[in-house]
Amino acid sequence: MAIPIQFRLLGPVHALSGTTPLSVGQPKQRAVLASLLLHRGRFVSREELLEAVWGERPPPSAVGSLHVYVHGLRQILGPERIEARGEAYRIRLEPDELDLERFERLLATGRAQLAAAEPQLAVELLGEALRLWLGPALADLNPDMLRDERAQLEDRRLDAVELLAEARLEARAPGEALAELSSLIPEHPYRERLRELQILALYRLGRQQDALAAYREARAVLIEQLGIEPGARLRALELAVLSQAPELEPSAPATETVDAARAALPAPPTRLIGRGRELAEIVSLFDEAGARLVTLTGSGGSGKTRLALAVAERLATESPTDTGFVDLSGASDHTLVLPLIAQALEVPVQHPLREALASHLRPRRLLLVLDNLEHVLDCAPELAQLLSTAPALRMLTTSRAPLRLRAEYEYPVPPLSLPPRWAALEAVAASEAVQLLLERARAVNPNHRLTATTAPAFERISRRLDGLPLALELAAGRLRSASVEELAAGLDRALELLVEGPVDLPARQRTLRATLAWSYEQLDPDAQRLLARLAAFASSFAVADVEAVCGPGVAELLAGLAQVSLLQHTGTGFSILETVREYAAESLAASGQEHESRARHCRHFLALAEGAREALLAGEDQAGAFQELDAAHDNLREAFAWAAGAGEVELEVRLVCALRQFWLVRGLLAEGRALFERAVADTEAGDPQLRAQVLVYGGALLYRPGDLATARAWWEEALRLLGDGGDRTLTAHCAAELGNVAYSEGELDRAAELYERAATGFTATSDLMRLGSVRNNQAEVAVARGDLAAADSFVSQAIEHARAVGDTEALATGLHTAARLALAVGRPDRARGLLLESLLCGRELGYRELLANCVQAVAELLLGEGGDPERAARLQLAAAAGLEEIGVPAQGMEGESFAVTEQRLSDELGAEHLAAIALELRELAIERAFERAVEQALEFLEAGS
C-alpha cells in the first residue's frame with residue numbers, strides 16, 4: 001500500500017510524508033509531478049507532459065528526460081505511485097492527499113451552504129478553503145510551465161474569494177468583505193464580479209455615494225482600457241443603488257420551501273449500459289465544481305440524451321432537486337425555445353415571456369434538461385439570462401456543439417469503451433460497446449451468445465461502429481435473422497446495412513445515414529466540401545496536413561466541424577469516426593473530386609515519409625523522425641492503399657521504400673512485408689530499376705523474421721536487374737544484405753566477402769552511415785571466427801562512423817555489439833557502460849528489437865555478477881517475449897546468448913519456475929512486461945555506472 005503523502009499545488013509544488021518534506025526534484029521534475037496531480041488519477045499522454053514542461057516545441061532530448069523524471073518521482077514517492085500505460089502515466093491518489101481536491105470540496109460545500117441560507121457556515125468553509133493557498137498556484141515553477149493550468153487555478157481561487165465576500169455580505173459583515181475586495185481589485189481591475197461585490201459592500205455600510213463612485217471608477221476602467229461598457233448586472237446594480245432598492249439588503253433566512261413545477265423525465269425504454277465513469281464525472285461537475293450549466297456534446301448517436309437522463313435521475317435522487325425536461329428537436333427556430341420551456345414547466349404565457357419565466361424560476365431549485373439544442377444555438381443568450389436571474393436554476397443540455405457561454409462546462413460524450421484488438425474473451429466481455437450490442441441482440445434473438453468463437457465478430461462490429469450507441473442499436477436489429485459473423489463480414493457497408501431502427505425513434509435516428517445527414521445538412525457549403533475531402537484521411541490528422549491537401553485557411557472550418565461533433569479534437573489535431581468518414585466518402589465520390597483529393601493526400605504523406613527518411617539518413621533528430629512517422633502512420637497506410645488501388649506504382653514503391661526503416665525499428669515486420677510483397681507484385685512487368693529498388697529495400701522485412709530463402713531470391717534478382725552499371729548505392733546495399741543471409745547460414749567466408757564488397761561500395765559513395773552498419777556486421781563475423789581483436793576494430797569503426805554522422809540507430813547497434821564483445825572477453829564493467837548508452841539510444845528511438853537484445857544482455861550480465869537469478873529470469877523472459885511479439889528470432893551472438901542464459905536459468909531455478917514466471921509476465925501483458933523490463937534493466941545499469 002502507498003505511504004500517505006500530502007501533495008500541494010496551491011503555492012509551491014511540494015509533497016509531505018507526515019510532517020517531513022519530500023524533495024521532489026528540479027523544476028522540470030516538479031512540473032511533471034504537477035501535471036500528473038492536476039489530472040487527478042487520469043492517464044496523461046507523453047505529448048501532454050512534454051508540452052506541460054517544455055512547451056509546444058520540446059527538444060529532441062525531452063522524451064528521454066521525461067523518462068528520467070518519472071523514474072526519479074517513482075524513487076521518491078514509491079514505485080506503486082506512478083503507473084504507466086503505453087506512453088501515458090498517471091499518479092495514484094488516496095482521498096484527501098491533494099490540497100486542490102480539498103479546496104474544491106470545501107468550495108462546493110460552502111457554495112451549497114450559502115444557497116441554503118446558511119451564510120455563517122459558508123464563511124467558515126470558504127475561509128478554510130482559502131487558507132489552503134500558500135501563495136500563487138505552482139509558484140516555484142518556471143512561468144512558462146503549465147501556463148493555462150495556472151490561469152485556471154487562479155480563476156478558481158478568485159471564485160472562492162468572491163463567494164466568501166458574498167457569504168460575508170449575507171452574514172451581515174460587509175466591512176470584512178470590503179477589506180479583502182479592495183486589495184484584490186487593483187490586481188484584477190476588469191473582473192466585474194469583484195466590482196459588484198465591492199459596490200454592494202459599500203452600500204451596506206451606509207456609503208451610498210462611495211458605492212456610486214466605485215461604479216463610476218469601474219466603468220471608466222472598462223471603457224478606457226477595454227473599450228466596452230459594464231455588463232448588464234453591474235449596470236443594474238448602479239440603478240439599484242441609486243433607487244435604494246430593497247433587494248440590496250441581505251436575504252432573509254429561508255422559512256419555507258416552494259415546490260417547483262416539474263416536467264417529468266421521460267422513462268427510458270431500456271437500461272443504461274456502462275457510462276459509470278461519465279455519470280460520476282458529470283454529477284461531480286454539478287456537486288463539486290459548482291457548475292450551473294453543463295452541455296453534453298457529441299456526434300449523432302453517441303448517447304447524449306440517455307446519459308443526460310441518467311444524470312438527472314442521479315441528481316434528483318441524491319438531493320431534493322426538481323427536474324424539467326424539454327425536447328427541442330422539433331423547434332424550427334431559436335425563438336421557440338423559451339415558449340417550449342414555459343410549456344413544459346406549465347408556466348402561464350405572459351408578455352414579456354422572459355420575465356415571466358425568470359419570475360417563475362427565481363425561487364425554485366430546478367434542474368432543467370434541454371435536449372437537442374444544436375440547431376437552435378442562437379437561444380444561448382436567453383438561457384444565460386435565465387441563469388443569471390434564477391440563482392437556484394441549473395441546466396443540463398445536449399447538443400452536437402457547445403453553447404459557448406461563460407457559465408458553460410462542456411462535457412464531450414465519448415463512444416462506449418471498446419475491447420482491445422484481438423483481446424481474450426474476458427476483455428471483450430468487459431467492453432461497454434460489446435455489452436450493449438449483446439444485450440440488444442439478445443432482445444431480438446435470445447440465441448445470441450458471447451463465446452470464444454463469436455468474440456472476434458463482436459469485437460469487429462464494435463470497433464467498426466466506433467462504439468456509438470445508436471449504431472450498435474441499429475446493428476443489433478440486423479441480428480434478428482443474421483449471425484454475428486455475417487454482420488461483421490458485411491460492415492464495410494455500414495451505412496447501407498444499418499437502416500432498420502425502431503419505429504419509436506425519431507426519424508433522423510432510424511438509420512445511421514439519416515443521423516449523419518441531420519448534422520451534414522446544417523453545415524455551410526465550405527464546411528460540407530471540407531468534410532467530404534477529409535474522407536481521404538485516416539482516422540486522425542493534423543491541421544497542417546489538411547492545409548497541405550485541401551488548401552490554406554481550413555483551421556477555422558475544422559474547429560467548426562469539431563464544435564458540431566463531426567470531428568473530435570486530439571492533442572495534436574483532429575480525428576474522425578469511421579462512420580462519419582464513410583458518409584464523407586460518399587459525399588466525396590458524388591463531388592467528382594475524389595481522385596484529385598486522394599492523389600493530393602497520397603503525395604503529401606509520401607513527401608512527409610521521404611523527408612523523414614532523409615532525416616534518418618542524415619542523422620538529424622532520428623527520434624523526432626520516427627515520432628513524425630508514428631503520428632502519420634494511419635495516413636501513410638491510407639496513402640499506400642490508394643496508390644496501389646489506383647495503379648500508381650511509382651508512388652507505391654516510393655512509399656514502401658521510405659517506410660522500410662520505420663517498420664524495422666518499430667517491429668512492424670508483418671505489415672511491412674505485406675506491403676512490400678504487394679509492391680513487388682505490382683512491379684513485375686514494369687520499370688526494372690524501380691523493381692530492383694523495391695526488392696533491395698523489401699528483402700530485410702523477410703530476412704529479419706527468418707525467411708532467408710525468399711530474401712535471398714529478392715536480393716539476387718535485384719543484383720541481376722541492376723547489372724554492372726546500376727545504382728552503386730543500391731548494389732552495395734544488396735551485397736550487404738546477401739552478406740547477412742550468408743552469415744545466418746553459417747557461410748562465414750562468403751559473408752566476409754560480401755560485406756567487404758559492400759564496404760568498398762559505400763566508401764566510394766562516401767556513405768558513412770551504411771558503412772558503419774556494415775562494419776558492425778563484419779564484427780559479428782569476426783566474433784564467429786574467434787578473431788576478437790578484428791571484431792573490436794570493426795565495431796570501433798562502426799561506433800565512430802555512427803557518432804560522426806549522428807546515426808543514433810547505428811550507434812545503438814554498435815554499442816550493443818561492443819557490449820557483447822566486452823562480455824565475451826570478461827570485461828563486465830565496460831559492458832555495463834556500453835549497454836547503458838545503447839539502451840538509452842534504443843529507448844529514444846523506440847527500437848524494439850535492439851531494446852529486447854539489450855535487456856537480455858543485462859540478464860546475462862546480472863547472472864555473471866552472481867546476481868539474483870529470479871530478476872535475471874524476468875528480464876530474459878520479457879526480452880524473449882518482446883522479440884516473439886514482433887516476429888524476430890534471436891540470431892548470431894544474441895541467439896547464442898539467449899540459449900546459454902536460458903540454460904543457466906533453468907539449471908538454477910528449474911524449468912517449472914521459469915514457466916511460472918513466463919505465465920505471470922503474459923498475464924501482465926507483453927507490452928507492459930517489456931516496458932517494465934526495460935526500466936529494470938536501466939535501473940540496474942545506472943546503479944553500477
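Talk me through the packing of helix H31 (residues 688–698) against helix H34 (residues 728–744); I want residue IDs and the actual numbers.
Packing of H31 against H34 leaves a shortest axis separation of 10 Å and a crossing angle of 35°. Here H31 and H34 pass one another in a crossing that is left-handed. Where H31 approaches H34, its residues Gln693, Val696 and Tyr697 are matched on the opposing element by Leu730, His733 and Cys734.

Can you break down helix H1 (residues 27–39) residue by residue, with the values?
For H1, with 13 residues, the first-to-last C-alpha span of 18 Å sits near the 18 Å given by 1.5 Å per residue. Taken across its 13 residues, H1 has 11 buried, putting it largely inside the fold. Positive phi shows up at arginine 40, right after H1, with a value of about 50°.

So what about helix H8 (residues 192–204)? Which residues, and what values?
Because the α-helix completes a turn every 3.6 residues, residues three or four places apart line up on one side. Compared with an ideal rise of 1.5 Å per residue, which puts 13 residues at 18 Å, H8 spans 18 Å between its outermost C-alpha atoms and is within 8% of the ideal. With 11 of 13 residues buried, H8 is to be regarded as a mostly interior element. Among all positions in H8, only Leu194, Arg195, Glu196, Leu197, Gln198, Ile199, Leu200, Ala201, Leu202, Tyr203 and Arg204 are buried. On its buried side, H8 packs onto helix H6 (147–170), helix H7 (174–184), helix H9 (208–226) and helix H10 (232–242). Looking at the residues trailing H8, positive phi occurs at glycine 206, about 85°.

Requested: an account of a nonpolar patch on the surface, with residues and values cited.
A cluster of nonpolar side chains, namely Tyr190, Leu226 and Ile228, defines an oily patch on the protein surface of about 260 Å² accessible area. Its location among the elements puts isoleucine 228 in the loop between H9 and H10.

I'd love a proper account of the pattern of salt bridges, names of residues and values included.
One pass over the full model with this rule turns up 47 salt bridges. The closest approach of N and O atoms between arginine 529 and aspartate 526, which form a salt bridge, is 2.3 Å. Residue arginine 529 and its partner aspartate 526 are located together in helix H23 (residues 525–533), separated by 3 residues, close to a single helical turn. Judged by relative accessible area, aspartate 526 falls into the partly exposed class, the value being 44%. Salt-bridge contacts for glutamate 594 lead to arginine 598; the nearest nitrogen and oxygen are separated by 3.0 Å. Here glutamate 594 and its partner arginine 598 are both found in helix H27 (residues 594–618), 4 residues apart, which amounts to about one turn of the helix. The partly exposed category is assigned to glutamate 594, whose relative accessible area is 29%. Through salt bridges that share partners, Glu104, Asp155, Arg156, Asp159, Glu162 and Arg191 make up one connected network.

Talk me through the packing of helix H29 (residues 649–666) against helix H30 (residues 669–682); I want residue IDs and the actual numbers.
Between H29 and H30, the least distance of the axes is 10 Å, while the angle of their chain directions is 155°. Relative to H30, the element H29 lies roughly antiparallel. Viewed along their axes, H29 and H30 form a crossing whose handedness is left-handed. Counting all contacts with H29, which are made through Val649, Glu652, Val656, Cys657, Arg660, Trp663 and Leu664, the residues of H30 involved are Leu669, Glu671, Gly672, Leu675, Phe676, Arg678, Ala679 and Asp682.

Quick rundown of the sheet that holds strand S10 (residues 393–399)? Include the residues and the values.
Across the sheet, 5 strands lie side by side as S8-S9-S10-S7-S11; this open sheet has parallel pairing. Because the sheet does not close on itself, it has two edges, and the strands there are strand S8 (322–327) and strand S11 (408–412). Looking at each pair of strands side by side, their axes are set apart by 15° on average, direction ignored. Note that strand S7 (residues 293–297) and S11 share 5 bridges and pair parallel. Counterpart to leucine 293 in the pairing with S11 is glutamate 408. Here helix H11 (residues 276–287) sits on the sheet in contact with S7, strand S9 (366–371), S10 and S11, set at roughly 175° to S11.

Hey, could you go over unusual backbone geometry for me, with residue numbers and the actual values?
If you check the backbone angles, arginine 172 has positive phi at about 65° while not being a glycine. Looking at the secondary structure, you find arginine 172 in the loop between H6 and H7. When its relative accessible area of 59% is taken as the criterion, arginine 172 is described as exposed. Positive phi outside glycine occurs at arginine 275, with the angle close to 70°.

I'd love a proper account of a negative patch on the surface, names of residues and values included.
Residues Glu48, Glu51, Glu56 and Asp148 make up a contiguous surface patch of negative charge. Residue position: glutamate 48 is located in helix H2 (residues 46–54). A residue is classified by how much of its surface remains accessible, and glutamate 48, at 37% relative accessible area, is partly exposed.

Any chance you could break down the environment of glutamate 753 for me, citing the residues and the numbers?
Within the fold, glutamate 753 resides in helix H35 (residues 748–764). Taking relative accessible area as the criterion, glutamate 753 reaches 44% and is therefore assigned partly exposed. With 37 residues separating them in the primary sequence, glutamate 753 and alanine 790 have C-alpha atoms 15 Å apart.

Any details on the side chain of arginine 157? Residues and values, ideally.
Following the sequence through the fold, arginine 157 ends up in helix H6. Of the polar contacts made by the side chain of arginine 157, one reaches the side chain of glutamate 154; its length is 2.8 Å. Leaving out residues up to four positions away in the same chain, arginine 157 has contacts with Phe103, Leu130, Trp133, Leu184 and His188.

How would you summarise the state of the cysteines if you had to cite specific residues and measurements?
Enumeration over the complete set of coordinates arrives at 0 disulfides. Of all cysteine sulfurs in the structure, the one in cysteine 602 sits closest to cysteine 550, which takes part in no disulfide; the separation is 14 Å. Free of any disulfide, cysteine 734 has its nearest neighbouring cysteine sulfur in cysteine 657, separated by 12 Å. Accessibility expressed as a relative area gives 0% for cysteine 734, which makes it buried.

Would you mind going over the packing of aromatic side chains in detail, with residue names and values included?
By the definition in use, this model includes 6 aromatic pairs. Where phenylalanine 103 meets tryptophan 133, the ring centres are 5.6 Å apart and the plane angle is 80°; that geometry is what we call edge-to-face. Of this pair, phenylalanine 103 sits in helix H4 (residues 99–115) while tryptophan 133 is found in the loop between helix H5 (119–131) and H6, placing the two residues 30 residues apart along the sequence. Owing to a relative accessible area of 0%, phenylalanine 103 belongs among the buried residues under this scheme. For tryptophan 133, a relative accessible area of 11% translates into the label buried. On the numbers, 6.3 Å between centres and 55° between planes, the contact of tyrosine 703 with tryptophan 715 is tilted.

Residues and numbers for the confidence of the model for the protein chain, please.
In this model, the protein chain carries an average pLDDT of 83, and 92% of its residues clear a pLDDT of 70 or more. A low-confidence stretch, residues 252–263 stays under pLDDT 50, and its non-local contacts, those more than four residues away or across chains, total 19 contacts. Predicted confidence for residues 495–510 stays below pLDDT 50, and this span has 42 contacts to residues more than four positions away or in other chains.

Summarise the sheet that holds strand S4 (residues 44–45); cite the residues concerned and give the values.
A sheet is described by the order of its strands in space; here 3 strands give the open sequence S4-S6-S5, paired in antiparallel fashion. If you trace the sheet from one side to the other, it starts and ends with S4 and strand S5 (82–85), each paired once. With 4 bridges joining them, S5 and strand S6 (residues 88–91) adopt antiparallel strand pairing. When the sheet's bridge partners are listed, alanine 84 is paired in S6 with tyrosine 89. Sitting on the sheet, H1 is in contact with S4, S5 and S6, with an inclination near 75° to S6.

Each value, and the rule that gives it
- Residues numbered from 1 in each chain as written.
- Predicted model: local features only at pLDDT ≥ 70, side-chain atom pairs only at ≥ 80, totals over all residues.
- Heavy atoms only, no water.
- Axes fitted to C-alpha atoms, helices over the stretch in contact; angles between N-to-C directions.
- Helix = DSSP H or I, 4+ residues; strand = E, 2+ residues; numbered from the N terminus.
- Left-handed = near helix turned anticlockwise from the far one by under 90°.
- Contact = heavy atoms within 4.5 Å.
- Expected span 1.5 Å × (residues − 1).
- Buried < 20%, exposed > 50% of the residue type's maximum accessible area, 1.4 Å probe, protein only.
- Patch = residues over 30% accessible without salt bridge, like charges linked within 9 Å, V, L, I, M, F, W, Y side chains within 5 Å.
- Areas by Shrake-Rupley, 256 points an atom, 1.4 Å probe, with all protein chains shown as cover.
- Salt bridge = Lys/Arg side-chain N within 4 Å of Asp/Glu carboxyl O.
- Parallel < 35°, antiparallel > 145°, perpendicular 65-115°, else oblique.
- Pairing = 2+ DSSP bridges.
- Lys, Arg positive; Asp, Glu negative; His and termini not counted.
- Charge placed at Lys NZ, Arg CZ, Asp CG, Glu CD.
- Polar contact = N/O pair within 3.5 Å; in protein donor to acceptor, adjacent residues only side chain to side chain.
- Disulfide = S-S within 2.5 Å.
- Phe/Tyr/Trp six-rings, centres within 6.5 Å; stacked < 30°, edge-to-face > 60°.
- pLDDT = per-residue confidence, 0-100.

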